[in-house]
Amino acid sequence: MALVNIDKVHKYYGDLHVLKGVDLKIQAGEVVSIIGRSGSGKSTLLRCMNGLEAYQEGAIILDNKEVSSDERQVRALARSVGMVFQSFNLFPHLTVGENVMLAPKLVLKQSAEDARKMALDKLTKVGLAEKFDQYPDKLSGGQQQRVAIARALAMSPKVLLCDEITSALDPELVGEVLKVLEELAAEGMTLVLVTHEMNFARDVGDRVVFMHQGKVWETGPSAEVFANPSTPELRSFINAVL
Amino acid sequence: MLNFSDLLPYTDQLLKGLWVTVELTVYATLGGVAIGTAGAAGRHYGGNLLRGMIGMYVELIRNTPFIVQLFFIFFGLPALGIKLSAWEAGLIAMLINLGAYSTEIIRAGLAATPKGQVEAAKVLGLSPQQAFFRVVLIPAFEKIYPALTSQCIIVMLGSAVVSQISVMDLTYAANLIQSRNFRSFEVYLVVAAMYLVLAILMRQAFDALGRYLFRHRRSS
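Residues numbered from 1 in each chain as written. Chains lettered and ligands numbered in written order. Predicted model: local features only at pLDDT ≥ 70, side-chain atom pairs only at ≥ 80, totals over all residues. Heavy atoms only, no water.

Novice: So what's going on with the overall build of chain A? Which residues, and what values?
Specialist: Tallying secondary structure elements over chain A gives nine helices and 10 strands in all. Taken against the 2.2 N^0.38 rule, which gives 18 Å for 242 residues, the C-alpha radius of gyration of chain A at 18 Å falls within 12% of a compact globule. If one aligns the C-alpha atoms of chain A with their principal axes, the spans along those axes are about 55 × 40 × 30 Å. Taking all 242 residues of chain A together, the buried fraction comes to 57%. Considering only contacts in chain A between residues 6 or more positions apart, those separated by 24 or more positions represent 64%. Here chain A contributes 27 positive and 31 negative side-chain charges, whose respective centroids are spaced 3 Å apart. (Helix = DSSP H or I, 4+ residues; strand = E, 2+ residues; numbered from the N terminus. Rg over C-alpha atoms; globule rule 2.2 N^0.38 Å. Buried < 20%, exposed > 50% of the residue type's maximum accessible area, 1.4 Å probe, protein only. Contact = heavy atoms within 4.5 Å. Lys, Arg positive; Asp, Glu negative; His and termini not counted. Charge placed at Lys NZ, Arg CZ, Asp CG, Glu CD.)

Novice: How would you sum up the sheet that holds strand E7 (residues 159-163) of chain A? Please name residues and give values.
Specialist: Residues and elements named next belong to chain A. Within the open sheet, the six strands sit side by side as E6-E7-E8-E3-E9-E10. Their pairing is mixed. Each edge of the open sheet is held by one strand with a lone partner, namely strand E6 (81-84) and strand E10 (215-221). On average, each strand axis in the sheet is tilted by 20 degrees relative to the strand beside it, whichever way the strands run. The sheet contact formed by E7 and strand E8 (residues 190-194) spans five bridges and is parallel. Within E8, the position partnered with Leu 160 by the bridge is Leu 191. Relative to E8, helix H6 (residues 171-186) is tilted by about 145 degrees, and along the sheet it contacts strand E3 (31-35), E7 and E8. (Pairing = 2+ DSSP bridges. Axes fitted to C-alpha atoms, helices over the stretch in contact; angles between N-to-C directions.)

Novice: Describe the interface of chain B and chain A, listing the residues and the values that go with them.
Specialist: Contact with chain B, which involves 22 residues of that partner, is made by 25 residues of chain A. Between chain B and chain A, a total of about 2,300 Å² is buried, with carbon and sulfur atoms accounting for 65% of that surface. Ranking the residues of chain B by area buried against chain A places Lys 122, Val 123 and Leu 124 of chain B at the top, with a combined share of 29%. Here chain B is connected to chain A by one salt bridge. (Buried area = accessible area lost by both parts, 1.4 Å probe. Salt bridge = Lys/Arg side-chain N within 4 Å of Asp/Glu carboxyl O.)

Novice: Would you mind going over the side chain of Asn 181 of chain B in detail, with residue names and values included?
Specialist: All names here are of chain B. The residue Asn 181 is located in helix H7 (residues 170-181) in this model. Overall, Asn 181 belongs to the buried group, its relative accessible area being 16%. At 3.4 Å, the side chain of Asn 181 forms a polar contact with the backbone oxygen of Asp 6. Those residues in contact with Asn 181, other than ones at most four positions away along the chain, are Asp 6, Leu 7, Tyr 10 and Val 187. (Polar contact = N/O pair within 3.5 Å; in protein donor to acceptor, adjacent residues only side chain to side chain.)

Below is the structure:
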């Protein structure tokens, strides 16, 4: 069974029909980029995958657990799925190290020592171990986002959801965050990215999912999809963004 | 002629009164801010019924005079069989009063917390309680800390009113002394200075606590 199974998912905001029967399977170790115009439902789909948004029809099974927006279910899912946000969302009153250690201590009940080891390990991975005792507002945006990635990794998730994580960054800081993602991909981490970084989607991603009007409009291996888009909508999208 | 030495025989009364005021203020501040935190959480996260009830409490207290609240508790409640000592009635009135104002102040802090931080806590698996106490609360307090400090000082100064139900606080001592030696000018000048010093010390204590709680700010 695939790591993530999305089956005919519909999502409404009141009268607005945002997801119109989305089907998608993601295998362990895959790097999937979700692209599409704004309003196509790509962020909403991502947020449905860990229960941050409720969906009204269909089913999402992630790591053999049914995803729902029920409070308990969301918490249970936190061990399987991590998320990184566009706006970093680091906790400003905690140091970098405390940000990373908080959930392992509170949720996984790790000892202070184990949590510290884990945090140092993850921060080393994103190249920020020396910032352990700094507060987030002393860090650049790119550094903050790398801490947010380390924080998510400290829960040892099976899949990492990234919601436009480079969109709030100055252009010169985008590279350092993408490099971390590239390394994670090389280690076999399952990544699902909503992204506007088309070069990254093409060069690092295994698969591209193009969303249009609340549906998976077209999907396939990255190189192929970019070279030979089969629908006119994707063709015009690629022409517009590349 | 002004004569401050006439106050000397009453030093003991003044200090005892000062102690009662300090004691009431410490309990009222700790308890009132706790009530305010609970009230703000209830009003921010609770269901309609809870939100409505807390809203009524806040509006009832904020729109009636403190002295009437105090008299109601001390003189009115015995009709329901609830008899309280003057000191207890005074403390309860202060707690209820600060609780209502601080509910409103702290709620503003909660409302100003970025939604993304709560979402981040949620997807990391924190329970709502953990998210509230570990993630939301300190940044929320940081935003409203000056207003909360002022409100606590207002309640300390307002505690002078409890002398009206014969709580032997600093103002009660002043009234007593001036009725004995008729040195109103001197007594009230000294007592006013004592309140002023109390207020300044209180503000400094709050500032010191703030520097500890919000130590992340010093880094920038």
